[in-house]
Amino acid sequence: MAHRWKNDLTRADATPYDAFMNRRQVMGGALGLGLIGAAGMARAQRAPLEPNSYEDITQYNNYYEFGTGKSDPARNAHTLTTDPWTVVIDGMVDNPGDYSMAQIFEAMTIEERIYRFRCVEAWSMVIPWNGFELADLLNLAGVQQGGKYVAFETALRPDEMPGVRFPVLDWPYVEGLRLDEAMHPLTIMATGIYDKPIPNQNGAPMRLVVPWKYGFKSIKSIVRITVTDQEPPTSWNKANAREYGFYSNVNPEVDHPRWSQATERPVGGGLFAKRQPTLMFNGYESEVASLYEGMDLRANF
Ligand code: MTE
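Residues numbered from 1 in each chain as written. Predicted model: local features only at pLDDT ≥ 70, side-chain atom pairs only at ≥ 80, totals over all residues. Heavy atoms only, no water.

Visitor: So what's going on with the site of the ligand? Which residues, and what values?
Guide: Of all residues adjacent to the ligand, which total 17 residues, the nearest are Asn-61, Tyr-64, Glu-65, Thr-154 and Lys-220. Here Asn-202 contributes a side-chain N or O atom positioned 3.1 Å from an oxygen atom of the ligand. Within the side chain of Lys-220, an N or O atom sits 2.7 Å from an oxygen atom of the ligand. The protein chains hide 98% of the 530 Å² of surface that the ligand would expose on its own. According to the grid-proximity analysis, the pocket containing the ligand is the largest pocket. By residue class, the composition of the shell around the ligand is 8 nonpolar, 6 polar and 3 charged. (Near = heavy atom within 4 Å. Polar contact = N/O pair within 3.5 Å; in protein donor to acceptor, adjacent residues only side chain to side chain. Areas by Shrake-Rupley, 256 points an atom, 1.4 Å probe, with all protein chains shown as cover. 1 Å grid on protein atoms, 1.4 Å probe; cavity = no way out; pocket = protein on both sides within 12 Å on 5 of 7 lines; lining within 4 Å. Sits in = over half its atoms within 2 Å of the grid points. Nonpolar A, V, L, I, M, F, W, Y, C, P; charged D, E, K, R; others polar.)

Structure, rendered in structure tokens:
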């Protein structure tokens, strides 16, 4: 599947170090060290990642607005109208307003990022996303002095979302990041998977992906992004504050109150697939640990 590897910069995520160095020498010039930078180098030194199949990624989902079963979103989410789609960007920004997806696509550069994805329920996948850095969108809106957090909100459409008839969560689904987490180069807005537009069940037309945090932080089908100076409320924390914290960084040493987070089940390997050890910050420790320097990660789970 050659299309997987469209983007040389991000192929570093999945390429062993030696192969990556060879290609880098061949590429030379414009795509040399300057453009790839420290984060790319750090990513390049990790083991290669083999992405899950398109089927795994799009048939095994959590999207409670369409039902709580893993196959409900794939069955039900076709009813969501994703075109036209408008995202409100407001709060502490210089250019608040309604941004259409057409405007966003016009302004952003889409690239591929192959990331590990670790759900708090202890299953995991490797997903080749297409998208852009959230920082680029926030810079377009112009974050003002004093902005400390970013709040996100999913669409709430009872006519199109059969799951919101049930009070499983306090709808709409909301999430939040600290501003430095939101601006981190690993944090993306995903608009595609395997070079296809992102399917509704995965959060069309645009969803957050924060690869070092449990999957529930990666909020789907976003209609509002608000820069604020207050820590925003988050859906799972509101539902059960003892079990789901604001940070929710992947951490094999801090268990969920009801299960261990030390290992994970890779989806797609069959029911009896060998569990894998879960990595600190889901394997992105060298890139993101500095965000949490001096913080008690057990208290700030
Ligand atoms: N976003 C919304 N709006 N509603 C949801 O139920 N589920 C979260 C997250 N984003 C969810 C959501 C959870 S628990 C996970 S693990 C991921 O989406 C699943 O993403 P995927 O279905 O693309 O694997």
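Visitor: Account for helix α7 (residues 134–141), naming residues and giving values.
Guide: Buried residues of α7: Leu-134, Ala-135, Leu-137, Leu-138 and Ala-141, and no others. The buried residues of α7 occupy an angular sector of 160° when the element is viewed end-on, so they sit on one face. Phi turns positive, to about 80°, at Gly-142, one or two residues after α7. (Buried < 20%, exposed > 50% of the residue type's maximum accessible area, 1.4 Å probe, protein only. Helix = DSSP H or I, 4+ residues; strand = E, 2+ residues; numbered from the N terminus. Arc of directions from axis to C-beta.)

Visitor: Quick one: what's the story with the packing of aromatic side chains, residue by residue and with numbers?
Guide: Per the stated rule, a full pass over the model turns up 13 aromatic pairs. Summarising the aromatic geometry, the rings of Tyr-64 and Trp-236 are spaced 5.8 Å apart at their centres and angled 75° between planes, so their arrangement reads as edge-to-face. In this pair, Tyr-64 sits in the loop between α4 (54–59) and α5 (72–76) while Trp-236 sits in helix α9 (residues 235–239), placing the two residues 172 residues apart along the sequence. Accessibility classification places Tyr-64 together with Trp-236 in one group, the buried group. (Phe/Tyr/Trp six-rings, centres within 6.5 Å; stacked < 30°, edge-to-face > 60°.)

Visitor: Which residues make up empty space enclosed by the protein, and what values go with them?
Guide: Under the definition given, this model contains 1 cavity of 30 Å³ or more. What the largest cavity holds in volume is close to 30 Å³. As for the largest cavity, its lining consists of Arg-116, Phe-117, Arg-118, Val-209, Val-210, Pro-211, Lys-213, Tyr-214, Gly-215 and Ser-218. It is strand β3 (residues 111–118) that contributes the most residues to the lining of the largest cavity, 3 residues altogether. (Points joined across faces, edges and corners; volume = space filled by probe spheres on them.)

Visitor: Which residues make up the layout of surface pockets, and what values do they have?
Guide: Each pocket or cavity is described by its volume, and for the largest pocket that value is around 430 Å³. As for the largest pocket, its lining consists of 28 residues, of which Asn-62, Tyr-63, Tyr-173, Gly-215 and Phe-216 are closest to the centre. Take the lining of the largest pocket: its biggest share by element is 4 residues, from strand β4 (residues 123–133). Taken together, the residues that form the lining of the largest pocket break down as 18 nonpolar, 6 polar and 4 charged.

Visitor: Pulling in residues and values, what's your account of the nonpolar core?
Guide: Grouped together as the largest cluster of nonpolar side chains are 71 residues, with contacts concentrated most on Trp-129, Phe-152 and Ile-225. Per-element tally for this core: the top contributor is β4, with 5 residues. Those residues in contact with Trp-129 that lie beyond four places of it in its chain are Glu-111, Glu-112, Arg-113, Tyr-115, Phe-117, Ile-188, Ala-190, Gly-192, Ile-193, Ile-198, Arg-207 and Val-209. (Core = buried A, V, L, I, M, F, W, Y, C linked by side-chain atoms within 4.5 Å. Contact = heavy atoms within 4.5 Å.)

Visitor: I'd like a description of the confidence of the model for the chain, backed by residues and values.
Guide: The pLDDT averaged across the chain works out to 88; a share of 84% of its residues lies at or above 70. Confidence drops under pLDDT 50 across residues 1–45; counting only partners more than four residues distant or on other chains, this segment forms 71 contacts. (pLDDT = per-residue confidence, 0-100.)

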